[in-house]
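What the coordinates show
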Amino acid sequence: MLWHTEYMGLAVGELRSAGRDVDAEVLAHISPAHSSAVNYYGSITVDYDRELAQLDDQGHRPLRTVNVDEPGAGL
C-alpha cells in the first residue's frame, strides 16, 4: 500500500507540473488498494531484481507515460 501511495503522489505531482488540472475532490476517492498487484490475501507480487534495476537517484522507478486518449488517463 505504501508503495502504491508513493507512486500515486509522484504521478499526480508530474501531472500537475505539466499543467494538468488534478482535482483534489477526485483524489479524495482513489485508493492504493484498488490495484491488480494486490491480491485477496493482501500480498503483493514484485520482481525485486527487475524493480531495483530501474531505480533513479532518489530511489524511484520511472513513471509510465500514457496517451491522454487512454482510458483513465485524464484524472
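Preceding this section is the structure that the text describes.
Presented here is an overview of the structure given in this document. (Residues numbered from 1 in each chain as written. Predicted model: local features only at pLDDT ≥ 70, side-chain atom pairs only at ≥ 80, totals over all residues. Heavy atoms only, no water.)

1. Details of the overall build of the chain
Counted only if it meets this: The secondary structure listing takes helices from DSSP runs of H or I that are at least 4 residues long and strands from runs of E that are at least 2 residues long, numbered from the N terminus. Classification of residues uses two cut-offs on accessible area relative to the type maximum, computed with a 1.4 Å probe and protein chains only: under 20% is buried, over 50% is exposed, and between them is partly exposed. When checking whether two residues touch, look at their non-hydrogen atoms; a contact exists if any pair is within 4.5 Å. Only the protein chains shown count as cover for residues, and all accessible areas are computed by the Shrake-Rupley method using a 1.4 Å probe.
Along the backbone of the chain there are 3 helices and 0 strands. For the chain, the α and β elements follow one another from N to C terminus as α-α-α. Of all 75 residues assigned to the chain, the portion counted as buried reaches 11%. Restricting to contacts in the chain with at least 6 residues of sequence separation, those with at least 24 account for 57%. Surface exposure of the chain reaches about 6200 Å², of which carbon and sulfur atoms provide 54%.

2. Re the packing of aromatic side chains
Basically, it comes down to this: Stacked, tilted and edge-to-face are the three classes applied to pairs of Phe, Tyr and Trp rings, where Trp contributes its six-membered ring and a pair requires centres within 6.5 Å; stacked means planes under 30 degrees apart, edge-to-face means over 60, and tilted covers the rest. The rule for a charge over a ring is simple: NZ of Lys or CZ of Arg within 6 Å of the ring centre, and within 35 degrees of the ring normal.
Evaluated as defined, the whole model comprises 0 aromatic pairs. Here the basic side chain of R61 rests over the ring of Y7, its NZ or CZ set 5.6 Å away from the ring centre.

3. Points about the side chain of H60
To be explicit about the condition: As used in this structure description, the phrase polar contact means that two N or O atoms lie within 3.5 Å; if the pair is within protein, one of them must be able to donate a hydrogen and the other to accept it, and residues adjacent in sequence are counted only when both atoms belong to side chains.
Positionally, H60 belongs in the segment after α3 (48–53). Taking relative accessible area as the criterion, H60 reaches 18% and is therefore assigned buried. At 2.8 Å, the side chain of H60 forms a polar contact with the side chain of E6. Setting aside residues up to four positions removed in sequence, H60 forms contacts with E6, Y7, L10, Q54 and L55.

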